[in-house]
Amino acid sequence: NSKVIQTPRYLVKGQGQKAKMRCIPEKGHPVVFWYQQNKNNEFKFLINFQNQEVLQQIDMTEKRFSAECPSNSPCSLEIQSSEAGDSALYLCASSLAGRNTEVFFGKGTRLTVV
Amino acid sequence: GDSVTQTEGLVTLTKGLPVMLNCTYQTTYSPFLFWYVQHLNEAPKLLLKSSTDNKRTEHQGFYATLHKSSSSFHLQKSSVQLSDSALYFCALSDTLQGGRALIFGTGTTVSVSP
């Protein structure tokens, strides 16, 4: 069973509303990733953190997306003003630091923007 | 830039038959390749990984060999089961540093019938 916990599993928002999802990485994992998986099952990398600091991030269009990974609190991904095209499965994953380490995924938050 | 190509979008076959899912990659660095499997409504899970040229790696009846000469890491199984029906992703670790995002292929859906 996945030890990366994502909440909520399902999220429905109207266009223009904020959407926030959370992730508790596996204990002891300093690296956290957020991916967006679209309806065609394609993965799009969004952002990752190592020990609360951003390692990489895409150019989040119009700054609508924000994420943080504070110490001793769940990580979060927030969309400030949801659009229909944001409807997707948002996957959080975590790993140890190191290039050949396994990345463990959560089950995801399925966002539907109506 | 670095990329991963999976040529089959959907593979349908009957239980007991062999399967091969193609994966080729492009990278300027020494490659680390992964296969992930995602069952319906479940988290993606690591199936296989390799960075060693021409060495077969196996897990749960699946196997793959990294061939740097042809930039390939095809996934195979000799006899598929109904439970193998899932989405399979090939992924590449793209830099020399740890903690960096994986680059995923577009995925192959495997559907096994009785």
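The model shown is predicted, which means the values in this text are computed figures rather than measured ones.

About the cut-offs
- Residues numbered from 1 in each chain as written.
- Chains lettered and ligands numbered in written order.
- Predicted model: local features only at pLDDT ≥ 70, side-chain atom pairs only at ≥ 80, totals over all residues.
- Heavy atoms only, no water.
- Helix = DSSP H or I, 4+ residues; strand = E, 2+ residues; numbered from the N terminus.
- Rg over C-alpha atoms; globule rule 2.2 N^0.38 Å.
- Buried < 20%, exposed > 50% of the residue type's maximum accessible area, 1.4 Å probe, protein only.
- Polar contact = N/O pair within 3.5 Å; in protein donor to acceptor, adjacent residues only side chain to side chain.
- Contact = heavy atoms within 4.5 Å.
- Buried area = accessible area lost by both parts, 1.4 Å probe.
- Salt bridge = Lys/Arg side-chain N within 4 Å of Asp/Glu carboxyl O.
- Pairing = 2+ DSSP bridges.
- Axes fitted to C-alpha atoms, helices over the stretch in contact; angles between N-to-C directions.
- Disulfide = S-S within 2.5 Å.
- Core = buried A, V, L, I, M, F, W, Y, C linked by side-chain atoms within 4.5 Å.

S.K.: Describe the overall build of chain B, listing the residues and the values that go with them.
M.R.: Within chain B, the secondary structure is distributed over zero helices and twelve strands. Taken from N to C terminus, the helices and strands of chain B fall in the order β-β-β-β-β-β-β-β-β-β-β-β. Its C-alpha atoms give chain B a radius of gyration of 14 Å, within 12% of the compact-globule value 13 Å for 114 residues. Expressed as lengths along the three principal axes of its C-alpha atoms, the size of chain B is roughly 45 × 30 × 20 Å. For chain B, the residues scored as buried account for 48% of the 114 residues in total.

S.K.: So what's going on with the side chain of S50(B)? Which residues, and what values?
M.R.: All names here are of chain B. Within the fold, S50 resides in strand 6 (residues 45–50). Of note is the side chain of S50, whose polar atom sits 3.3 Å from the backbone nitrogen of T52. When neighbours within four sequence positions are excluded, S50 is seen to be in contact with P31, F32, L33, K55, T57, L66 and F73.

S.K.: Tell me about the interface of chain B and chain A, residues and numbers included.
M.R.: Residue-level contacts link 27 residues of chain B with 25 residues of chain A. Taken over both partners, the interface formed by chain B and chain A buries close to 2200 Å², and the fraction arising from carbon and sulfur atoms is 53%. When the shortest N-O distance is used, the salt bridge between E42(B) and K107(A) registers 3.8 Å. Inspection of the region where chain B meets chain A yields four residue pairs in polar contact (both at pLDDT 80 or more). When contributions to the side of chain B that touches chain A are tallied by element, the ones reaching two or more residues are strand 5 (32–38), strand 6, strand 10 (86–93) and strand 11 (102–104) of chain B.

S.K.: Kindly report on the sheet that holds strand 3 (residues 19–21) of chain B, identifying the contributing residues and their values.
M.R.: Residues and elements named next belong to chain B. One open sheet accounts for four strands, arranged 3-9-8-7; its pairing is antiparallel. Strand pairing shows two members of the sheet lacking a second neighbour, strand 3 and strand 7 (56–59), which therefore form its edges. Neighbouring strand axes in the sheet, compared pairwise and without regard to direction, differ in orientation by 20° on average. Bridge analysis of strand 8 (residues 62–65) against strand 9 (residues 75–77) gives three bridges, and the strand direction is antiparallel. Looking across to strand 9, one finds that F62 is bridged to K77.

S.K.: Report on the state of the cysteines, specifying residues and quantitative values.
M.R.: All names here are of chain B. Applying the stated criterion to the full structure yields three disulfides over all chains. Paired by a disulfide, C23 and C90 hold their sulfur atoms 1.9 Å apart. Where C23 bonds to C90 through sulfur, the torsion about that S-S bond is close to -65°, and the disulfide is left-handed. On the criterion of sequence distance, the pair formed by C23 in the loop between strand 3 and strand 4 (24–26) and C90 in strand 10 is long-range, its members being 67 residues apart. Each member of the pair, C23 together with C90, is buried. The disulfide pattern of chain A is 1-4, 2-3 when the bonded cysteines are numbered in sequence order.

S.K.: Run through the nonpolar core, naming residues and quoting values.
M.R.: If you look at the biggest cluster of nonpolar residues, it comprises 24 residues, and the most contacted ones within it are L21(B), L33(B), W35(B), L75(B) and Y88(B). Counting residues per element, the ones that place at least two in this core are strand 2 (10–14), strand 3, strand 5, strand 6, strand 8, strand 10 and strand 12 (108–113) of chain B. In terms of residue count, the dominant contributor to this core is strand 10 of chain B (four residues). Core analysis: the second largest hydrophobic core is formed by 21 residues, V31(A), F34(B), A43(B) and L46(B) among them.

That is the geometry; function is a separate question.
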